[in-house]
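One-letter residues, chain by chain:
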Amino acid sequence: MDQEVINFIEARVVRFNERRLDKLRGYNLRSLIRKKNPYLSPAKNIRTFEELARSMLDAALSSSEETMFGEVLEDVALLVASKYRGAWKSTASGIDLEFDLDTARVLISVKSGPAWGNSQQVKRMIANFNAAEKVLRQGGRVNHVRRINGCCYGYDPKQFHDGYEKICGQAFWELVSGDVAFHVWLVQPICEAAKRRSEEFVSSYYAVVNSVAKDLGNSFGTAGEIEWERISVECNAPRATQKASR
């Protein structure tokens, strides 16, 4: 991996952590309780307001982080493919990149992980591959086309699906870089960049936890006990009438 790729990865990870920090600082009891399943926490026997606040915050962060970091990996894949395979950004709808490999034109729709969509979204991807291949063949520019759903992490035991190939994780990074170990080398610049704002994130995280825990105690506590019935009413009420939104 050369320095240009390392710098690109580190810059994207730094930006990811800045967005993550901004997202964290925007959370409060109002925003978190709107997304809360009111039955899960009592089923897990959560006993304290701090524990409940952390549970709510962690669930919200996990959901947003998955999406944001998926975008980072997709950006890295595009750069790597352009640098090591001579790939270019496809002009075809729904296709992220193209390059020539051996005797084939490779069309790739990049996703972060293997469980990325429902059946309708998969059908739309196949339709995009069909349209892109039709244009290529009409122009007489290619004889063989590989349609690939490339996933930046994970594993799918079935490579060949109806209308496309699904290549994930190690095999995907090898495809776009030509390096069988690229998925391992990718970890180091991510770790280096992550260290830069970790302390700031931890401090902000506990500040939000403490604030939400305090508000939970004031709004849904009696004698130090969590009133799950009141939380259930709050979570299931129309948004305009929620106490936490006042």
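For the structure itself, look to the data block above.
Just so we're clear, the structure is a prediction, and the values are computed from it rather than from any experiment.

Quick question: what am I supposed to make of the overall build of the protein chain here?
Looking only at helices and strands, the protein chain has 10 helices and 8 strands in total. At 23 Å, the protein chain has a C-alpha radius of gyration far larger than the 18 Å of a compact globule built from 246 residues. On the principal axes, the C-alpha backbone points of the protein chain span a range of 75 × 40 × 30 Å. Here the protein chain holds 246 residues, and the buried ones make up 43% of them. Looking at the protein chain as shown, the accessible area adds up to about 13300 Å², and 50% of this sits on carbon and sulfur atoms.

Would you explain helix α10 (residues 228-236) in this entry?
Because an α-helix packs 3.6 residues into every turn, residues spaced three or four apart end up facing the same way. Along α10, the residues classified as buried are Trp228, Ile231, Ser232, Glu234 and Cys235. Each buried residue of α10 lies within a common arc of 165 degrees when the element is viewed along its axis, so the set occupies one face. For α10, the exposed residues set more than 90 degrees away from the buried face come down to Glu229 and Val233. If you follow the buried residues of α10, they end up packed against α2 (29-33), α3 (40-43), α4 (49-85), α9 (198-220) and β8 (225-226).

Please explain the sheet that holds strand β6 (residues 164-168) as it appears in this structure.
Hydrogen bonds along the backbone pair up the strands of a sheet, which may run parallel or antiparallel. Spatially, β1-β2-β3-β4-β6-β5 is the arrangement adopted by the 6 strands of the open sheet, whose pairing is mixed. Either end of the sheet is taken by a strand with one partner, and the two such strands are β1 (88-89) and β5 (160-161). Pairing geometry for strand β3 (residues 104-111) and strand β4 (residues 145-151), over 7 bridges, is parallel. In the sheet register, lysine 111 faces β4, and the bridge partner there is cysteine 151.

Teacher, can you tell me more about the pairing of β4 here?
The side chains of a regular strand alternate between the sheet's two faces. Here β4 lies mainly inside the structure; 6 of its 7 residues are buried. Between β3 and its parallel partner β4, the chain crosses via helix α5 (residues 119-138), and the hand of that crossover is right-handed. Across 4 bridges, β4 lies against β6 in parallel orientation. For asparagine 149, the partnering residue across the bridge sits in β6 and is lysine 166.

Looking at this structure, how should I read the environment of valine 14?
By secondary structure assignment, the location of valine 14 is in helix α1 (residues 3-25). Overall, the relative accessible area of 17% leaves valine 14 in the buried class. Between the alpha carbons of valine 14 and alanine 193 there is a distance of 5.8 Å; along the sequence they are 179 residues apart. Residues within four places of valine 14 in sequence aside, it is in contact with Ala193 and Arg196.

Mind showing me how you'd approach the packing of α4 against helix α6 (residues 169-177) here?
When two helices pack together, their arrangement is given by the angle between the helix axes and by the axis-to-axis distance. Where α4 meets α6, the closest approach of the two axes is 7 Å, and the angle between their N-to-C directions is 40 degrees. When the axes of α4 and α6 are compared, the pair comes out oblique. Side by side, α4 and α6 meet where Leu73, Val76, Ala77, Val80, Ala81, Tyr84 and Arg85 of the first sit next to Phe172, Trp173, Glu174, Leu175, Val176 and Ser177 of the second. Of the residues that constitute the contact of α4 with α6, the class distribution is 10 nonpolar, 1 polar and 2 charged.

What am I meant to see in the side chain of glutamate 10 here?
Looking at where glutamate 10 falls in the secondary structure, it is placed in helix α1. On the accessibility criterion, glutamate 10 (15% relative accessible area) is buried. Aside from chain neighbours lying at most four places away, what touches glutamate 10 is Pro189, Glu192, Ala193 and Arg196.

In this structure, what is going on with helix α8 (residues 187-194)? I would like to understand it.
Of the positions making up α8, those classed as buried are Pro189, Ile190 and Ala193. Buried positions in α8, seen along its axis, are confined to an arc of 105 degrees and lie on one side of it. Buried-residue contacts for α8 involve α1, α4 and α7 (182-185).

What counts and what doesn't
Residues numbered from 1 in each chain as written. Predicted model: local features only at pLDDT ≥ 70, side-chain atom pairs only at ≥ 80, totals over all residues. Heavy atoms only, no water. Helix = DSSP H or I, 4+ residues; strand = E, 2+ residues; numbered from the N terminus. Rg over C-alpha atoms; globule rule 2.2 N^0.38 Å. Buried < 20%, exposed > 50% of the residue type's maximum accessible area, 1.4 Å probe, protein only. Areas by Shrake-Rupley, 256 points an atom, 1.4 Å probe, with all protein chains shown as cover. Arc of directions from axis to C-beta. Contact = heavy atoms within 4.5 Å. Pairing = 2+ DSSP bridges. Right-handed = clockwise from strand over helix to strand, strands pointing away. Axes fitted to C-alpha atoms, helices over the stretch in contact; angles between N-to-C directions. Parallel < 35°, antiparallel > 145°, perpendicular 65-115°, else oblique. Nonpolar A, V, L, I, M, F, W, Y, C, P; charged D, E, K, R; others polar.

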